[in-house]
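# Notes for the structure review
Letter by letter, the chains look like this.
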Amino acid sequence: MQRRTTVTTLALTALLALAGCGTGTGTTPATSAAPEPSASPEPSPAKTYTDADLSAVLATLKDAQGRPLTVVPAAQIDQGIIKAKELLKTAVFTPPECKALSDSNAQVPEDSTYAAGTTVAAEEKTSIVVTVIALKDAQEMADQLAASKNAVATCSNFTIELGGQKITTEIQQIEAKTGGDQSFAALGKQTLATGETQTMLTMTGIKGTLAATAVKAGPAVTPNDAPELAQLIDTILAHG
């Protein structure tokens, strides 16, 4: 059971990194350009959020069956990030450049706030993980999303080897949107050497400096689950 949990955790970490709303700084550096002249007034200061603010928002969410999300304690999130970072030290990615997808999810940007919540449907054998992160720089969010789209194009198929276990991953971007200023959605399928498979649908919506990602995992998850995830994300972004 412990081994299976470890493999699932690693797979989820990889997909959260792709979503651009995990805890990374993106897989590609932001490009700088000279500001263009504009007669517009200076923008208002970005809205700020504490970890408690974000957790309070997640506590109001329910899945499509009316089950409330369970907010993950901040200490548990931090421990999970540390554990994922340790796991990735021994993970072997093929092709090697795809390791950047998970590396970016093993660190937390400075001055960011974040929270996570989960819900499980035992009868459908599915789970939903919702993460929300707020940064001071809205451009960093946009850069992360662009990096995610590029990552899907260049690493649509890759394998992860960890502790004798091998995960083959296939990821494709899908047409699904949130009510945010920017959206991204991808469907990923992991296959173990034993033949066991799991599918994960990942959606991200961005509004200003606030980004929310919802991941639904299960053996029969499809793009048709996108509306449920979009509703969760839109509820969060309404607080932006």
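Residues numbered from 1 in each chain as written. Predicted model: local features only at pLDDT ≥ 70, side-chain atom pairs only at ≥ 80, totals over all residues. Heavy atoms only, no water.

## As for helix α6 (residues 226-237)
The end-to-end C-alpha separation of α6 is 16 Å, in line with the 16 Å expected for twelve residues at 1.5 Å each. Inspection of α6 places A226, E228, L229, A230, L232, I233, I236 and L237 among the buried residues, and these make up the whole buried set. (Helix = DSSP H or I, 4+ residues; strand = E, 2+ residues; numbered from the N terminus. Expected span 1.5 Å × (residues − 1). Buried < 20%, exposed > 50% of the residue type's maximum accessible area, 1.4 Å probe, protein only.)

## Remarks on the sheet that holds strand β3 (residues 113-121)
Here we have nine strands laid out as an open sheet, ordered β1-β3-β4-β9-β8-β7-β6-β5-β2, and antiparallel in their pairing. In this open sheet, the two edge strands, each paired with only one partner strand, are β1 (70-71) and β2 (92-94). Both strand β7 (residues 182-192) and strand β8 (residues 197-207) contribute to a ladder of ten bridges, which runs antiparallel. Looking at β8, one finds that Q190 is bridged to Q198. (Pairing = 2+ DSSP bridges.)

## Some details on the nonpolar core
In this structure, V130, M203, L210 and I236 are the most contacted members of the largest nonpolar core, which totals 28 residues. Going through the elements one at a time, α2 (51-58), β4 (126-134), β7, β8, β9 (210-218) and α6 are the ones with two or more residues in this core. Setting aside residues no more than four positions away along its own chain, M203 makes contact with A176, K177, T178, F184, A185, A212, T213, A214, A226, L229, A230 and I233. By size, the runner-up hydrophobic cluster in this structure holds 24 residues, among which are L88, C98, I133 and A186. (Core = buried A, V, L, I, M, F, W, Y, C linked by side-chain atoms within 4.5 Å. Contact = heavy atoms within 4.5 Å.)

## A short note on the packing of aromatic side chains
Two measures describe an aromatic ring pair: the distance that separates the ring centres and the angle between the ring planes. Per the stated rule, a full pass over the model turns up one aromatic pair. For the pair F93 and F158, a centre-to-centre distance of 6.1 Å together with 25 degrees between the ring planes defines the contact as stacked. With F93 in strand β2 and F158 in strand β5 (residues 157-162), the pair connects residues that are 65 residues apart, well separated along the chain. For F93, a relative accessible area of 5% translates into the label buried. Classification of F158 by relative accessible area gives buried; the value is 2%. (Phe/Tyr/Trp six-rings, centres within 6.5 Å; stacked < 30°, edge-to-face > 60°.)

## A closer look at the state of the cysteines
All told, the structure shown has one disulfide when counted by the stated rule. At a sulfur-sulfur separation of 2.0 Å, the disulfide partner of C98 is C155. Negative torsions about the S-S bond denote left-handed disulfides, and the value of about -100 degrees found for C98 with C155 makes this one left-handed. Taken together, the residues span a long stretch of sequence, with C98 in the loop between β2 and α4 (99-103) and C155 in the loop between α5 (138-154) and β5 at a distance of 57 residues. (Disulfide = S-S within 2.5 Å.)

## Observations regarding the side chain of T119
Relative to the helices and strands, T119 is located in strand β3. At 3.3 Å, the side chain of T119 forms a polar contact with the side chain of D63. When neighbours within four sequence positions are excluded, T119 is seen to be in contact with D63, R67, P68, L69, T126, S127 and I128. (Polar contact = N/O pair within 3.5 Å; in protein donor to acceptor, adjacent residues only side chain to side chain.)

## With respect to the side chain of T169
Inspection of the secondary structure puts T169 in strand β6 (residues 165-173). With relative accessibility at 3%, the residue T169 sits in the buried group. In contact with T169, other than residues within four places in its own chain, are S156, N157, F158, I160, K189 and Q190.

## Let's talk about the pattern of salt bridges
By the definition in use, this model includes four salt bridges. One salt bridge connects E123 with R67, and the closest N-O pair in it is separated by 3.1 Å. On the criterion of sequence distance, the pair formed by E123 in the loop between β3 and β4 and R67 in the loop between α2 and β1 is long-range, its members being 56 residues apart. The salt bridge partner of K216 is D225, with a shortest N-O separation of 3.2 Å. For the residue pair K216 and D225, the accessibility class agrees, reading buried in each case. (Salt bridge = Lys/Arg side-chain N within 4 Å of Asp/Glu carboxyl O.)

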